[in-house]
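# Summary of the model geometry
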Amino acid sequence: MNIHEYQAKELLKQHGVTVPPGSVVNTPAEARAAAKAIMDAGGEMVVLKAQIHAGGRGKGTFTSGFKGGVKLTRDLDEVESFARQMIGNVLVTKQTGPAGRLVRKLLVADAPEIERELYLAVLLDRATSRPVVMASSEGGVDIEEVAAKTPEAILRWQVDPAFGLQPHEARRIAAHLGLGGALLNRATKLILGVYRTWWECDASLVEINPLCVIKTRDGGQDVWAVDAKVGVDDNALFRHPDIQAMRDEEEESPLEVEASRFDLNYIKLDGSIACLVNGAGLAMATMDIIKYYGGEPANFLDVGGGASVEQVTAAFRIIVKDPEVRAILVNIFGGIMDCNVIAQGIVAAVKETNLKLPLVVRLEGNNVEAGKQTLAESGLTIISGDTMADAAEKVVAAAADQQ
């Protein structure tokens, strides 16, 4: 589950990470009031940041023609003007796609003088099943760009999960970033706080880009998390009702939101062949073989190993709501799953949705004969696939006929 930047900063602050003072607003008048409060406290400049679940906001463009989802200003009238052109308008960035995202709220925060921009992240290294801290002296740009051009600039520090990140390790990471002298202890505390945020929130990613050395109002220096991104493992949300409450369904695909209500793993894609599969590995293989035969998958949809008739029916309802779908492939291997349950769900779903699209079904495994009999006796027009290859070839051909 992704959360907004302002929410990510709330979690970081709870774990001892210094973030710029600020508040989230919903109207231009609230933006002006928030900026005035920052300036009354001694801030000279504020930043307005569009709150959407996408990166590249600063370089984005609103469909109205207004440029930039991140704006700096020292003027309260300009704060209100910027907010008026951002709130309620659609921002298009390199991550949103051409449809863009509607900006419903802004983060108004103190914008101190920045002396250096760095990069810091904590994520799971799936190759070693251990946490890894990634740090680079080159922040403020895409880490993929840094990795491609100057990979030696990125430090990857493996953490033993039995002990967690230790202070001496955090100091070494700080030293790699060139944060010595008076900044060493501040940076060490911040790095430890970022790691604690990742660990205690069951995050899949905590990314600070940029992590900034800023000039304080008394002329000194400090280290602040100026921007932040946090993704949380969906499977751990039951342990974090406070984080679950941060979910913004308006930032998610309506079909993905509906799927989550039935515990279905659904991701919308750009193709025309819908897939309904049990098991993530089989789902990936199914999408691969569709592409092999010249088709394009319209979704990733894993109903899991123990799906009910109700879940299968819900899955079909979600599939047929996608206007790009031209054919459907059901590919089930019944290990734990009872193929007849899937067959019953297919029959119920086709009748409920009055399905007109071509439907190809391949069943194998537990109670498969009963499942095939249920489909055969249903009176429905269903194309049978004997193997994955056979089913994929048939569904690609059926989708082509619907163009």
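Below or above, wherever it landed, is the structure these notes cover. Model, not experiment: these values are computed from the prediction.

## Structural notes on helix H1 (residues 5–14)
Of all the 10 residues making up H1, 7 are buried; the element is thus mostly covered by neighbouring parts of the structure. Among the residues of H1, those classed as buried are Glu5, Tyr6, Gln7, Ala8, Lys9, Leu11 and Leu12. Gly16 sits one or two positions beyond H1 and adopts a positive phi of about 85 degrees.

## Observations concerning the side chain of Thr96
In this structure, Thr96 sits in the loop between strand S5 (90–92) and strand S6 (101–102). Judged by relative accessible area, Thr96 falls into the buried class, the value being 13%. In terms of polar contacts, Thr96 uses its side chain to reach the backbone amide nitrogen of Thr93, at 2.9 Å. Leaving out residues up to four positions away in the same chain, Thr96 has contacts with Ile52, Ala54, Leu91 and Arg101.

## With respect to the side chain of Asp110
Tracing the backbone through its elements, the reader meets Asp110 in strand S7 (residues 106–110). Residue classification places Asp110 among the buried residues on the basis of a relative accessible area of 7%. A distance of 2.8 Å separates polar atoms of two side chains, one belonging to Asp110 and the other to Arg217.

## Some details on the nonpolar core
With 43 residues, the main nonpolar core has Leu120, Leu165, Ile173, Val194 and Ile208 as its most contacted residues. Once residues lying within four places of it in the same chain are set aside, the contact partners of Leu120 are Val133, Met134, Ala135, Ile173, Leu190, Ile191, Val194, Val206, Glu207, Ile208 and Leu211. Formed by 33 residues, the second largest nonpolar core is a distinct cluster that contains Ala259, Phe316, Leu359 and Val361.

## Quick word on the sheet that holds S6
Within a sheet, each strand pairs with its neighbour through backbone hydrogen bonds, oriented either parallel or antiparallel. Read from one edge of the open sheet, 3 strands run S3-S5-S6, paired in antiparallel fashion. The open sheet has two edge strands with one neighbour each: strand S3 (61–62) and S6. Of the strand pairs in this sheet, S5 and S6 are connected by 2 bridges, and their pairing is antiparallel. Each bridged residue has a counterpart across the sheet, and for Leu91 the counterpart in S6 is Arg101.

## Here's the deal with the packing of helix H2 (residues 28–40) against helix H3 (residues 76–86)
Their axes nearest at 8 Å, the elements H2 and H3 cross at an angle of 145 degrees. When you trace H2 past H3, the crossing you get is right-handed. For the pair formed by H2 and H3, the contact residues are Pro28, Ala31, Arg32, Ala35, Lys36 and Met39 on the first element and Leu76, Asp77, Val79, Glu80, Ala83 and Arg84 on the second. Looking at the contact of H2 with H3 residue by residue, the classes come out as 7 nonpolar, no polar and 5 charged.

Conventions used here
- Residues numbered from 1 in each chain as written.
- Predicted model: local features only at pLDDT ≥ 70, side-chain atom pairs only at ≥ 80, totals over all residues.
- Heavy atoms only, no water.
- Buried < 20%, exposed > 50% of the residue type's maximum accessible area, 1.4 Å probe, protein only.
- Helix = DSSP H or I, 4+ residues; strand = E, 2+ residues; numbered from the N terminus.
- Polar contact = N/O pair within 3.5 Å; in protein donor to acceptor, adjacent residues only side chain to side chain.
- Contact = heavy atoms within 4.5 Å.
- Core = buried A, V, L, I, M, F, W, Y, C linked by side-chain atoms within 4.5 Å.
- Pairing = 2+ DSSP bridges.
- Axes fitted to C-alpha atoms, helices over the stretch in contact; angles between N-to-C directions.
- Left-handed = near helix turned anticlockwise from the far one by under 90°.
- Nonpolar A, V, L, I, M, F, W, Y, C, P; charged D, E, K, R; others polar.

Remember that the coordinates give geometry; whether it matters functionally is a separate question.
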